[in-house]
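Listed below, chain by chain, are the residues.
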Amino acid sequence: MLHFARWKSLSIVAVCLAGLILSLPNLFSKETVKAWPDWLPKAQMPLGLDLQGGAHLLLAANSDELKKDWLSSLREDARKVLREAKLYPASVNVVGGTVRVTLLKPQDSDAAVKELRTKVAQQIGNALIGTAGTDIAVAKGEGASIILTPTEAGFLNRQTNAITASIETINRRVNALGTSESTVVRQGSDRILVQFPGLSDTKGLKDLIGKTAKLSFHEVHASMTPAEAQQGRPPVGFAVYPSQDGYVDSYLLRDIPIVQGDELVDAQPGQDSRTGEWIISFRFNQAGARKFGRFTQANVGRPFAIVLDKQVLSAPVIREAILGGSGQISGRFSPDSATTLALQLRSGALPTELTIVEERTVGPSLGADSVSAGKTAAVVGAIATCVLMVFAYGTFGVIAVFALFFNMLLITATMSVVGMTLTLPGIAGLVLTLGMAVDANVLIYERIREEVRSGRSPINAIEAGFSRAFVTILDSQLTTLAAAIIMFILGAGPIRGFAVTLSVGIFTSIFTAVTVTRLLVAWWLAGQRARAHKIVVPV
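First, a word on scope: everything that follows refers to the structure included in this document.

Each value, and the rule that gives it
Residues numbered from 1 in each chain as written. Predicted model: local features only at pLDDT ≥ 70, side-chain atom pairs only at ≥ 80, totals over all residues. Heavy atoms only, no water. Helix = DSSP H or I, 4+ residues; strand = E, 2+ residues; numbered from the N terminus. Expected span 1.5 Å × (residues − 1). Buried < 20%, exposed > 50% of the residue type's maximum accessible area, 1.4 Å probe, protein only. Pairing = 2+ DSSP bridges. Axes fitted to C-alpha atoms, helices over the stretch in contact; angles between N-to-C directions. Contact = heavy atoms within 4.5 Å.

**Topic: helix H6 (residues 152-175)**
Stage number 1. Under the 1.5 Å per step criterion, the end-to-end length of H6 is 34 Å for 24 residues, consistent within 8% with the ideal 34 Å.
Stage number 2. Listed as buried for H6 are Gly 154, Phe 155, Gln 159, Ala 162, Ile 163, Ser 166, Ile 167, Thr 169, Ile 170, Arg 173 and Val 174.

Below, the structure written as structure tokens:
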């Protein structure tokens, strides 16, 4: 146990030196670190919102819009399923909170109900509690009508999916700004918490994440004008959309888009080489390119509308078939608006509208106070721990202090390289890690004392102390790690920050308490032997 091959000793020393070097940038300001040569490490632990200040936004999903979109989608799905089954409906309309289907032939009701239950309604639930039922209740109404009613469980399931998708979209948008310090987590059933450290002006952040950015390409009605549609009754499947192109006030468009925005694979801002105006170049995936190519090929000379969040950006005329799957959007953009919109389109559309229900800006003074208080707590805890260890265990206490020092270096280096955000609860996790690391040394040293009292020789007592205490140390640390993992999975925000720091500290504590401490003790024993001293265990 106390014999180390040369390569093992060098490996342990190399790990400790790497921890020292990689943690050094945290002792200097960002400006100083940037001026260092490129070959030096520059990664620093990012500070959380509670330490450096920043923006705090609480977003709520628009449940009414989510229900409306669901009913609209359900209407189209029902119409498509019945037509494919050759059970032709006379009408399919949204009535209140339901979809009402009226069949041409009342005798087809039973077959239509079966088709709709099989192909439109979906089973919902999860593997833990089993199937909870269907998201759509299909029932026969009066005469030849069939009523499709979204269930409460179905809506909650759809809302959960929308919030999950929104979190992913917001993460992509925020991370595109070049930061890994932001936090986007779910809060409650229909809310999302966004925290962006270091940001004092929330306007740009709100513009970036608050817009749905639902892009779609629609067919323009060939003959009827929006005014005629508003005066009478618009054709089935068409609706009037307001315009932002500056030429007309509105357009009459087909509700079902030619291509959806989620079929875009790229969107980049740029300038038109002829006019110099800012545009957005886009590119479809293969499926979107085929749809767009077929439509433009069949509609040369006619306009089509580019719609963003239910407003027409532009309605260019198709001069020739667009078969390459790429094109450009013009809409009187400024450089900033073109860049922002391109970023939103690349990151994907939000599945539902999000409204800001809470907005706060945490000032840097709070962050400075928190950092100061955290530093004070950490320093006081570290000094008290070191004094107690030296007082209780003498030379071995000094060895434990060195191991504790390397433990802190390894934690700092790991969090810096990986980019783990340090929060105020994270500092609490660091202080707790100090105690846990020392506890491992205490277990080893007390075991050595027991072995000495039982009559073992000093070297045998030290070997037995390390080997027999290892199982206890590993068991206690793994138990704590399990608790930290559960906190990380089920917790959010500050709880996760605490769990992350604690988890990293567990691994470094095992390494330093068992490996680094054992190496230092082995070196101490070798020094005692070299000086021909009688070896006395200093515990």
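More follows now that the structure is in view.
**Here's the deal with the sheet that holds strand S2 (residues 89-95)**
Stage number 1. Strand order across the open sheet formed by 4 strands is S2-S3-S7-S6, with antiparallel pairing between neighbours. Taken across any chain shown, the strands that pair with only one partner, and hence form the sheet edges, are S2 and strand S6 (136-140). If you compare each strand with its neighbour and ignore which way they point, the axes differ by 15 degrees on average.
Stage number 2. Strands in contact with helix H4 (residues 63-84) are S2, strand S3 (98-103), S6 and strand S7 (145-150); relative to S2, the strand with the most contacts, it is inclined by about 165 degrees.
Stage number 3. Across the sheet, helix H5 (residues 109-119) lies against S3, S6 and S7, angled at about 175 degrees from S6, the strand it touches most.

**Section: helix H13 (residues 424-453)**
Stage number 1. For H13, spanning 30 residues, the distance from its first C-alpha to its last is 44 Å, which sits close to the expected 44 Å at 1.5 Å a residue.
Stage number 2. Of the residues trailing H13, Gly 455 is marked for its positive phi of about 100 degrees.

**A look at the sheet that holds strand S9 (residues 191-197)**
Stage number 1. Spatially, S8-S9-S1-S19 is the arrangement adopted by the 4 strands of the open sheet, whose pairing is antiparallel. If you trace the sheet from one side to the other, it starts and ends with strand S8 (183-187) and strand S19 (354-362), each paired once. Pairs of neighbouring strands in the sheet enclose a mean axial angle of 20 degrees, with direction left out of account.
Stage number 2. By the bridge criterion, 7 bridges tie strand S1 (residues 54-61) to S9 in an arrangement that is antiparallel. Note on S9: the bridge partner recorded for Ala 55 is Phe 196.

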